[in-house]
Amino acid sequence: MGIFSRKNNATATTTAPAPVNPDLAALTGEYTIDPSHTTLGFVARHAMVTNVKGSFQEFTGTLHLDGSDPSRSTAVLDVEMASIDTGSADRDGHLKSADFFKTEEFPKMTFRSTKVEALGGDDYRLTGDLTILGTTNPLTIDLEFNGAAKDPFGNERVGFEGKAEILRSEWGLTWNAALETGGVLVSDKIKLNFDISAIKQA
C-alpha cells in the first residue's frame, strides 16, 4: 500500500470519508532530500545511435508528505546547473556554455509542485513547474513509493523512484548539429530519472 493510499469502503450511496491507515498517516511531515543518497539523472540520444547518461551532483529539496490526503503533499527542488556530470569534462563544459544551459546567467534549475495524485497502490503522479533558462513549463513525474525505514543513525527515511520525459526545445535548449547520414547529434526528447531518499525533520 502506498504512502498516500486510502482504502475506500464507501458505497455508491454514501459520502463518508474513507478510513486512513494509521501507519501511513504517521509518515506525514516535512522531509529534506538527502543528496548523498539521491540521484537526479537524465538520458539523451546521441548521434541517433546511442544514449548519453548524466546527472546533477548538487541540489537541495524538501517534501511535505500528507499520508492522509496526497493532494496536500508538495515538493520543492533547486538544482545547481554547473554540477552537471556526464563523465566527460569536455562535454560537461559544452553543456554549461551558451549553447546549452548558460550556467553563469542561469545558475539554477527549479521545480515547484502544483498537484499530487494517487494512482493506486504505490504509484503517484506529481505535476509541477520546471524552470530552465528562465522559462517555466509544466512537468509531470510518475512516482513509485519505495517505502519508509529508520536508518542506523535514527533518521526516518522515505524513498521514491520517478521518471518523466521532456522536449528540451520547449525550454529554449535548441542547439544541435546535423549528421551527414541524416538526423541530428542530440535528441530533443530527454528522459529524466529520479531516485529520491528524504529524511523526516524533527
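Each remark here, short or long, concerns the structure printed above.
Residues numbered from 1 in each chain as written. Predicted model: local features only at pLDDT ≥ 70, side-chain atom pairs only at ≥ 80, totals over all residues. Heavy atoms only, no water.

Q: If you had to explain a nonpolar patch on the surface to someone new, which residues and values would you point to?
A: Together, Met48, Val49 and Val184 make up a nonpolar patch on the protein surface, roughly 280 Å² of accessible area in all. Within the fold, valine 184 resides in the loop between β10 (156–167) and β11 (186–200). With a relative accessible area of 33%, valine 184 lands in the partly exposed category. (Patch = residues over 30% accessible without salt bridge, like charges linked within 9 Å, V, L, I, M, F, W, Y side chains within 5 Å. Areas by Shrake-Rupley, 256 points an atom, 1.4 Å probe, with all protein chains shown as cover. Salt bridge = Lys/Arg side-chain N within 4 Å of Asp/Glu carboxyl O. Helix = DSSP H or I, 4+ residues; strand = E, 2+ residues; numbered from the N terminus. Buried < 20%, exposed > 50% of the residue type's maximum accessible area, 1.4 Å probe, protein only.)

Q: Describe the packing of aromatic side chains, and please don't skip the residues or the numbers.
A: Counting across every chain of the model gives four aromatic pairs. Each ring, one from phenylalanine 42 and one from phenylalanine 56, has its centre 5.7 Å from the other, and the planes form 45 degrees; the classification is tilted. You can see phenylalanine 42 sitting in strand β2 (residues 39–46) and its partner phenylalanine 56 sitting in strand β3 (residues 50–56), a full 14 residues away along the chain. Overall, phenylalanine 56 belongs to the buried group, its relative accessible area being 10%. Residues phenylalanine 56 and phenylalanine 101 carry aromatic rings whose centres are separated by 6.4 Å and whose planes lie at 70 degrees to one another, so their mutual orientation is edge-to-face. Of this pair, phenylalanine 56 sits in strand β3 while phenylalanine 101 is found in the loop between α2 (89–96) and β7 (108–120), placing the two residues 45 residues apart along the sequence. Just as phenylalanine 56 is buried, phenylalanine 101 falls in that class too. The structure contains a cluster of three or more aromatic residues connected by ring pairs, namely Phe42, Phe56 and Phe101. (Phe/Tyr/Trp six-rings, centres within 6.5 Å; stacked < 30°, edge-to-face > 60°.)

Q: Any chance you could break down the pattern of salt bridges for me, citing the residues and the numbers?
A: Two side chains that carry opposite charge are able to pair once their charged atoms sit near each other. The tally for this structure, following the rule as stated, stands at seven salt bridges. Here arginine 157 ties to aspartate 34 by a salt bridge, and the two come within 2.9 Å at their closest N and O atoms. In this pair, arginine 157 is assigned in strand β10 and aspartate 34 in the loop between β1 (29–33) and β2, connecting sequence segments 123 residues apart. For arginine 157, a relative accessible area of 18% puts it in the buried group.

Q: Describe the layout of surface pockets, listing the residues and the values that go with them.
A: Here the largest pocket defines a volume of roughly 900 Å³. For the largest pocket, the lining is made up of 49 residues, of which Gly41, Phe42, Phe56, Met109 and Leu192 are closest to its centre. Top contributing element to the lining of the largest pocket by residue count: β2, with six residues. Across the lining of the largest pocket, the residue classes tally to 38 nonpolar, eight polar and three charged. Here the second largest pocket is characterised by a volume of approximately 150 Å³. Taken together, Val43, Ala44, Arg45, Asn51, Ser187, Lys189 and Lys191 make up the lining of the second largest pocket. (1 Å grid on protein atoms, 1.4 Å probe; cavity = no way out; pocket = protein on both sides within 12 Å on 5 of 7 lines; lining within 4 Å. Points joined across faces, edges and corners; volume = space filled by probe spheres on them. Nonpolar A, V, L, I, M, F, W, Y, C, P; charged D, E, K, R; others polar.)

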